[in-house]
Amino acid sequence: MKFDKNKKYIGSCCGNSFVILDCRDNDVDRQSKIIFAMENIVRYSVDSALFLCKSKDMDVFMKIFEKDGSESDSCGNGTILIAYLLGFKEGRIEMKDNAAISLGDAEKQSILMNIKFSRIEELDEEGCLFVRMGEPHVIRLVDDLDKFDLVDFGRRIQKKYPSGVNVDVIQKLNEFSYRIKTYERGVFSETDSCGTGSLASYLAISHFSGKIYKEPVEFKSVGGSHWVSRNENMLKLEVFKKFCKIELL
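Keep in mind it's a predicted model, so treat the numbers as computed, not measured. (Residues numbered from 1 in each chain as written. Predicted model: local features only at pLDDT ≥ 70, side-chain atom pairs only at ≥ 80, totals over all residues. Heavy atoms only, no water.)

Trainee: Go over the overall build of the chain with me, naming the residues and quoting the values.
Mentor: Across its full length, the chain carries four helices and 18 strands. Since a compact globule built from 249 residues should have a radius of gyration of about 18 Å, the 17 Å found for the chain is in line with a globular shape. Structurally, the chain occupies a C-alpha span of about 50 × 40 × 30 Å along its principal axes. Buried positions account for 54% of the 249 residues belonging to the chain. For the chain, the proportion of contacts with a sequence separation of at least 24, taken over those separated by at least 6, is 59%. (Helix = DSSP H or I, 4+ residues; strand = E, 2+ residues; numbered from the N terminus. Rg over C-alpha atoms; globule rule 2.2 N^0.38 Å. Buried < 20%, exposed > 50% of the residue type's maximum accessible area, 1.4 Å probe, protein only. Contact = heavy atoms within 4.5 Å.)

Trainee: Residue-level account of the side chain of Asn40, with values.
Mentor: Along the chain, Asn40 turns up in helix α1 (residues 30-43). Not counting chain neighbours up to four residues away, the residues in contact with Asn40 comprise Val19, Ser45 and Val46.

Trainee: Break down the pattern of salt bridges for me, with residues and values.
Mentor: The final tally for this structure, using the stated rule, is 12 salt bridges. In this structure, Arg179 engages Asp146 in a salt bridge whose closest nitrogen and oxygen atoms are separated by 3.0 Å. Highlighted residues: Arg179 in strand β13 (residues 177-184) and Asp146 in the loop between β11 (135-141) and α3 (150-157), separated in sequence by 33 residues. Its relative accessible area of 55% is what places Asp146 among the exposed residues. When salt bridges with common partners are traced through the structure, they connect Asp73, Lys96, Arg132, Glu135 and Arg185 into a single cluster. (Salt bridge = Lys/Arg side-chain N within 4 Å of Asp/Glu carboxyl O.)

Trainee: So what's going on with the side chain of Asp22? Residues and values would help.
Mentor: Structurally, Asp22 can be placed in strand β2 (residues 16-22). Take Asp22: its relative accessible area is 13%, and that puts it in the buried class. Within the local environment of Asp22, its side chain forms a polar contact with the side chain of Arg24, the two groups lying 2.7 Å apart. With near-sequence residues (within four places) excluded, Asp22 lies in contact with Asn6, Lys7 and Leu52. (Polar contact = N/O pair within 3.5 Å; in protein donor to acceptor, adjacent residues only side chain to side chain.)

Trainee: Run through the nonpolar core, naming residues and quoting values.
Mentor: With 43 residues, the main nonpolar core has Ile20, Met62, Ile82, Tyr202 and Phe219 as its most contacted residues. At six residues, helix α4 (residues 195-209) tops the list of elements feeding residues into this core. The contacts of Tyr202, once residues within four sequence positions are left out, are Ile212, Tyr213, Val217, Phe219, Val228, Ser229, Arg230 and Leu235. One finds Phe3, Val46, Phe51 and Cys53 within the second-largest nonpolar core, a separate group that totals 16 residues. (Core = buried A, V, L, I, M, F, W, Y, C linked by side-chain atoms within 4.5 Å.)

Trainee: Explain the environment of Val165 to me, and be specific about the residues and the numbers.
Mentor: You can see Val165 is positioned in the loop between α3 and β12 (166-174). Residue classification places Val165 among the buried residues on the basis of a relative accessible area of 0%. For Val165, the contacting residues outside a window of four places in its chain are Phe130, Pro136, His137, Val138, Ile157, Gln158, Tyr183 and Arg185.

Trainee: Report on the environment of Ser229, specifying residues and quantitative values.
Mentor: Assignment of secondary structure puts Ser229 in strand β16 (residues 224-231). Sequence spacing of Ser229 and Glu90 is 139 residues, and the spatial spacing of their C-alpha atoms is 18 Å. Setting aside its immediate chain neighbours within four residues, Ser229 contacts Tyr202, Pro216, Met234, Leu235 and Lys236.

Set out below in structure tokens:
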């Protein structure tokens, strides 16, 4: 199927890269989305494909597909990038399993997600938690990120999760700063960053410490930094706009 009537973009947020197809005026069926994703993720060497669709109740419905044809539930970096693309100072973005409120100013782009979408489960392996924040994540706290084989651990743990699971390894720098690396399901490798991974990691460190952080926590990835904070039942994921890039194909 040709997509000549649809605007196409390539972009990234904190190094997490995407090809984007705008389907709001010319929708395509699910199978065509899968074909587009599988072909163009490889063609442009990006992590995932995003599709902008009409939403009944919100400003836009964002669908996420991976290079194996699977559909993901949500994407933090993708949501921020779409808000940046559409120039949202305030908007609402619907996804398969949740929704986000987007906020923007001259310097920063952020999203708010309700903590009701989250679930935390302690795992048998020491230092590990299962956290669902939009997407499923296994969070592991380590002493030295550089000495940990993320890809090997990420591949091995997939056997326990038939639908796949993202794996985030974090290293504490100080009370409000962590390094983070992510192995993403569907991508089958380490990516430069993961927005829902930072959200899930924030919930994990709150669980480990037994407290709610009053100050934003920075998660430093290869692609840039996320700042995560909590206001009652809402989690806020924030990046500087300089970490967002987008261009029309």
